[in-house]
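Given next are the chains, with one letter for each unit.
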Amino acid sequence: MFRKIILNSNPILRKKCKAVNKIDPEIRKLIADMEDTMYENNGAGLAAIQVGVLKRVIVVDTSIDKNELLILINPKIIEKKGQIIWQEACLSVPGFEGTVKRYDYIKVKAKDKQFKDIIVEGEGYLAVALQHEIDHLDGILYIDRVEDDTLKSVNAEDEHAI
Ligand SMILES: [Zn+2]
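Predicted model, so just to flag it, every value in this text is computed and none were measured.

Thresholds, definitions, all that
- Residues numbered from 1 in each chain as written.
- Predicted model: local features only at pLDDT ≥ 70, side-chain atom pairs only at ≥ 80, totals over all residues.
- Heavy atoms only, no water.
- Donors = N, O, S within 2.8 Å, 3.2 Å for Na, K, Ca; no water.
- Tetrahedral: all angles 85-135°; square planar, octahedral: opposite > 155°, others 65-115°.
- Helix = DSSP H or I, 4+ residues; strand = E, 2+ residues; numbered from the N terminus.
- Buried < 20%, exposed > 50% of the residue type's maximum accessible area, 1.4 Å probe, protein only.
- Pairing = 2+ DSSP bridges.
- Salt bridge = Lys/Arg side-chain N within 4 Å of Asp/Glu carboxyl O.
- Axes fitted to C-alpha atoms, helices over the stretch in contact; angles between N-to-C directions.

1. Notes on the coordination of the zinc ion
Stage number 1. Looking at the zinc ion, one finds its protein donor set to be Cys-90 (SG), His-132 (NE2), His-136 (NE2) and Ile-162 (O), positioned 2.1 to 2.2 Å from the metal centre.
Stage number 2. Classification of the site at the zinc ion as irregular follows from its four donor atoms and the range of 81 to 149° in their angles at the metal.
Stage number 3. As a motif over one chain, the donors of the zinc ion read C-x41-H-x3-H-x25-I. Of this pair, His-132 sits in helix α2 (residues 124-136) while Ile-162 sits in the segment after β8 (152-153), and the two are 30 residues apart along the sequence.
Stage number 4. You can call His-132 buried: its relative accessible area is 2%.
Stage number 5. Residue Ile-162 is classed as buried on the basis of its relative accessible area of 2%.

2. Thoughts on the pairing of strand β7 (residues 117-123)
Stage number 1. Summarising the sheet, strand β6 (residues 105-111) and β7 pair through seven bridges and their orientation is antiparallel. For Ala-110, the partnering residue across the bridge sits in β7 and is Ile-118.
Stage number 2. Counting the residues between successive antiparallel strands, the hairpin from β6 to β7 contains five residues, one of them, Phe-115, with a positive phi of roughly 65°.

3. Quick look at the pattern of salt bridges
A side chain with one charge may pair with a side chain of the opposite charge, provided their charged atoms come close.
Stage number 1. Per the stated rule, a full pass over the model turns up 13 salt bridges.
Stage number 2. Ionic pairing is found between Arg-56 and Asp-138, a salt bridge with its closest N-O pair at 3.1 Å. A residue pair is termed long-range when its members are at least 10 positions apart, and Arg-56 in the loop between β1 (45-47) and β2 (57-60) and Asp-138 in the loop between α2 and β8 qualify at 82 residues.
Stage number 3. A relative accessible area of 14% means that Arg-56 is categorised as buried.
Stage number 4. A relative accessible area of 26% means that Asp-138 is categorised as partly exposed.
Stage number 5. Close ionic contact of Asp-117 with Lys-111 constitutes a salt bridge, the shortest N to O distance being 2.9 Å.
Stage number 6. For Asp-117, a relative accessible area of 54% translates into the label exposed.
Stage number 7. Taking the relative accessible area as the measure of exposure, Lys-111 reaches 21% and is therefore partly exposed.
Stage number 8. In this structure, a network of salt bridges that share partners links the residues Glu-88, Arg-102, Asp-135 and Arg-145.

4. Topic: the sheet that holds β6
Stage number 1. Strand order in the open sheet formed by five strands is β1-β2-β3-β6-β7, with antiparallel pairing between adjacent strands. Edge positions in the sheet fall to β1 and β7, since each of these pairs with one other strand and no more. Neighbouring strand axes in the sheet, compared pairwise and without regard to direction, differ in orientation by 35° on average.
Stage number 2. The sheet contact formed by β2 and strand β3 (residues 70-81) spans four bridges and is antiparallel.

Set out below in structure tokens:
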């Protein structure tokens, strides 16, 4: 089921999300709805807070064929290196993109949807998307990190928002 994406004018997006303690039907439904909502909007990632749920859950899929879904609960960056400059856009900030400096490689510890420990490594676009989504869980938007004067309006159809 699709859920409505919250836009950046809404102060909810500035809240800090709470850790998930267990998998229950509500979390399972949230994850399924987040998958539907991300793919429906051609997004490469979505955080629960973007559908108004203040829990530390993200979904990410940066593959071209949209067949490499990652579901991460309570994600935490445990290693990072390098630097990458990326044009970012966000489903909660429609019609804009801007240049952000991120780590080029990160290693993330999280729980999967069975609540088992997992480690995910990301480079390039995947690393960017993971950092963008994990920022959402702490109320941070990419527009907070954008390089000076690089935020610009774009045709919404050209976006690969995260
Ligand atoms: Zn975003």
